[in-house]
Amino acid sequence: MKKLIVLLAAIAMVAAFTATAMADAELYGSARFRTYYTSNDNGKPGVESKKDLEWRIGNLTRFGVNFKSDKLTGKFELDARNNTFKVSDGTVSDTTASVDDTSGTSGLGGLRLRQLWGQYDFGTFKFMIGQNFPLYDMPVSGIAYFSGGLQPQGGMGYLVARTSQVRFTMGNLELAFLTPDTTQDGLSNDVYSYKQVNTTFPRTELRYNMKVENFAMNFMGGWQTYEIEDYDFATATGSKNTENITSYVLGFRAKTNFGPGYAGLGATYRVNGKNYGAWTTVSKEAAIFEPGTNDVKDATAWGVVAALGWKINDMFTLEGNYAKLHSEQDTVADNEDDNSTWALLAQIHVAPGVLIQPEFIYNDREDVVTNGVSTDQGDETIIGVWWKIDFK
């Protein structure tokens, strides 16, 4: 039996090396480091700002391989994750790492699959399966602190950035069917509870990409629906119900170059965006059950991100950014939340593959209105440097 296992292992190794030799395989890696100082004011009178120094490997540090052979292409990529970290309430979690990570190390199991997909070109269309970026992922800003520009402050991106999907590409048109996402429904934390969530259809996304002279533009739409069953309204009669949570997202992005300058603009409108899985910094972007009506009330949001940059020379580039996100829930009482962000970065290419990027970010969380009561949420100021060395 042991000899058979060894023989099968040898055959598998030979097959793998043969396939690699036939394909164009490129290994690559990127070491990234975060050094940021944050002053966080929660808006409460008499409470001092919380100050934190972040000094650690970046969650975007990765290594992987690109494959290409005739009509086949593929990608495999892992990244380093700190698998034990403190969250905002002081507890310790070992789930997905975030910018709150304070452990400073990638421990046992601290690797995450970023991408693993394969694509075949049939000529008239391309067919892809695997884990890849969704179509609703269109960054504009170059800020690295949030690991995705200013996407959560008003742009287009997922909280879980890469998703299992089946995708078809027909020229400039892309159609994707993704795993349904019910992790951010926001309803289980309400004053009520429900027994289960039923999913029937995948998330569906469509994007059209086009270029006109110096302009590159993307138009995108997405849809998702799922059912919550046996919802307990906690009434005197113990009535129950079944409701559907349906989400829509729309997105537009444009980029252009003008000599040494460049500009980018992204805009989004979404209904129940948090239920969809959208990356958001506002608290009123999930559907909610309204007391007294026992109805699902939708949440709407719109956001914008703008970037303006200037390449002074091959070594030095400056970029300024602005983002705005507004959300509100369709309830009788006012429920809305806003966030505004201003940011500035400098890209300094000190050597081939070596980037030093100083950043300044001011994030105004503005006021949140809950049942007509407005509360100041404070602001945060972030200053620091993002470091990167690419190798292949």
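This write-up is about the structure you can find in this document. (Residues numbered from 1 in each chain as written. Predicted model: local features only at pLDDT ≥ 70, side-chain atom pairs only at ≥ 80, totals over all residues. Heavy atoms only, no water.)

## Re the overall build of the protein
- Helix and strand counts for the protein come out as two helices and 24 strands.
- Per-residue burial over the protein gives 41% buried out of 392 residues.
- The long-range share in the protein, meaning contacts at least 24 apart out of those at least 6 apart in sequence, stands at 62%. (Helix = DSSP H or I, 4+ residues; strand = E, 2+ residues; numbered from the N terminus. Buried < 20%, exposed > 50% of the residue type's maximum accessible area, 1.4 Å probe, protein only. Contact = heavy atoms within 4.5 Å.)

## Brief notes about the packing of aromatic side chains
- Counting across every chain of the model gives 14 aromatic pairs.
- Residues Tyr145 and Phe146 carry aromatic rings whose centres are separated by 4.9 Å and whose planes lie at 90° to one another, so their mutual orientation is edge-to-face. There is no split in this pair, since Tyr145 and Phe146 are both buried.
- Among the aromatic residues, ring-to-ring pairing joins Tyr120, Phe122, Phe125, Phe127 and Phe168 into one connected group.
- When the ring centre of Tyr276 is taken as reference, the NZ or CZ atom of Arg203 above it lies at 5.7 Å. (Phe/Tyr/Trp six-rings, centres within 6.5 Å; stacked < 30°, edge-to-face > 60°. Lys NZ or Arg CZ within 6 Å of the ring centre and 35° of its normal.)

## Details of the nonpolar core
- Core analysis: the biggest nonpolar cluster contains 17 residues, and Tyr36, Ile143, Tyr145, Phe146, Leu150, Ile361 and Ile382 have the highest contact counts within it.
- Looking at this core, the elements that each hand over two or more residues are strand S18 (299-311), strand S20 (336-351), strand S21 (354-364) and strand S24 (379-391).
- Membership of the second largest hydrophobic core comes to 11 residues, among which are Leu135, Ala176, Leu178 and Met220. (Core = buried A, V, L, I, M, F, W, Y, C linked by side-chain atoms within 4.5 Å.)

## Focus: the pattern of salt bridges
- Summed over the entire model, instances satisfying the criterion amount to 15 salt bridges.
- With a closest N to O distance of 3.8 Å, Glu77 and Arg62 form a salt bridge. Separated by 15 residues along the polypeptide, Glu77 in strand S4 (residues 72-80) and Arg62 in strand S3 (residues 62-69) bring together distant segments of the chain. This pair shows no difference in class: Glu77 is buried, exactly as Arg62 is.
- Between Lys388 and Asp390 there is a salt bridge; the shortest N-O distance is 3.4 Å. (Salt bridge = Lys/Arg side-chain N within 4 Å of Asp/Glu carboxyl O.)

## Considering the side chain of Ser340
- Within the element layout of this structure, Ser340 appears in strand S20.
- Looking at Ser340, its side chain comes within polar contact range of the side chain of Lys324, at 3.4 Å.
- Residues in contact with Ser340, not counting those within four places in the same chain, are Tyr322, Ala323, Lys324, Tyr362, Asn363, Asp364 and Glu366. (Polar contact = N/O pair within 3.5 Å; in protein donor to acceptor, adjacent residues only side chain to side chain.)

## Side note on the environment of Ser49
- With respect to the secondary-structure elements, Ser49 resides in the loop between strand S1 (24-41) and strand S2 (50-57).
- As for Ser49 and Gly378, which are separated by 329 residues in sequence, their C-alpha atoms are 9.4 Å apart.
- Once residues within four sequence positions are removed from consideration, Ser49 is found in contact with Ser39, Asn40 and Asp41.

## Section: the pairing of strand S19 (residues 316-329)
- Across 13 bridges, the pairing between S18 and S19 is antiparallel. Across the sheet, residue Leu308 finds its bridge partner in S19, namely Gly320.
- Hairpin connection, S18 to S19: the antiparallel pair is bridged by four residues.
- Relative to S20, S19 runs antiparallel, the two being bridged by 13 bridges. Bridge pairing links Ser327 to Asp337 in S20.
- Hairpin connection of S19 to S20: six residues between the antiparallel strands. (Pairing = 2+ DSSP bridges.)

## Notes on a nonpolar patch on the surface
- Together, Phe33, Tyr37, Leu53, Trp55, Leu344, Phe360, Ile383 and Trp387 make up a nonpolar patch on the protein surface, roughly 840 Å² of accessible area in all.
- Going through the elements one at a time, S1, S2 and S24 are the ones with two or more residues in the nonpolar patch.
- As for its placement among the helices and strands, Trp55 is situated in strand S2.
- The class for Trp55 is exposed, based on a relative accessible area of 59%. (Patch = residues over 30% accessible without salt bridge, like charges linked within 9 Å, V, L, I, M, F, W, Y side chains within 5 Å. Areas by Shrake-Rupley, 256 points an atom, 1.4 Å probe, with all protein chains shown as cover.)

## Overview of the pairing of S21
- Of the two faces of S21, only the one carrying Leu355, Gln357, Glu359, Ile361 and Asn363 is buried; Val354, Ile356, Pro358, Phe360, Tyr362 and Asp364 on the other face are not.
- Pairing of S20 with S21 involves nine bridges; the strand directions are antiparallel. Bridging across to S21, Ala343 finds its partner in Ile361.
- A loop of two residues connects S20 with S21, the two strands running antiparallel in sequence, and Gly353 in this loop sits at a positive phi of about 85°.

## A closer look at unusual backbone geometry
- The backbone of Asn272 sits at a positive phi, close to 55°, despite the residue not being glycine.
- Checked against the element boundaries, Asn272 lands in the loop between strand S15 (261-271) and helix H2 (273-276).
- Non-glycine residue Asn371 carries a positive phi angle of around 50°.
- With respect to the helices, strands and loops of the structure, Asn371 is situated in the loop between strand S22 (367-370) and strand S23 (373-376).
- Residue class for Asn371 comes out exposed when judged on its relative accessible area of 55%.

## Comments concerning a negative patch on the surface
- A cluster of acidic side chains, namely Asp298, Glu328, Asp330 and Asp334, defines a negative patch on the protein surface.
- Assignment of secondary structure puts Glu328 in strand S19.
- Classification of Glu328 by relative accessible area gives partly exposed; the value is 35%. (Lys, Arg positive; Asp, Glu negative; His and termini not counted. Charge placed at Lys NZ, Arg CZ, Asp CG, Glu CD.)

## With respect to the side chain of Thr256
- Examined against the element boundaries, Thr256 turns out to sit in strand S14 (residues 240-258).
- Judged by its relative accessible area of 13%, Thr256 is buried.
- When sequence neighbours within four positions are dropped, the list of residues in contact with Thr256 reads Asn214, Phe215, Gly261, Tyr262 and Ala263.

Honestly, that's just the spatial picture; any functional story needs more than this.
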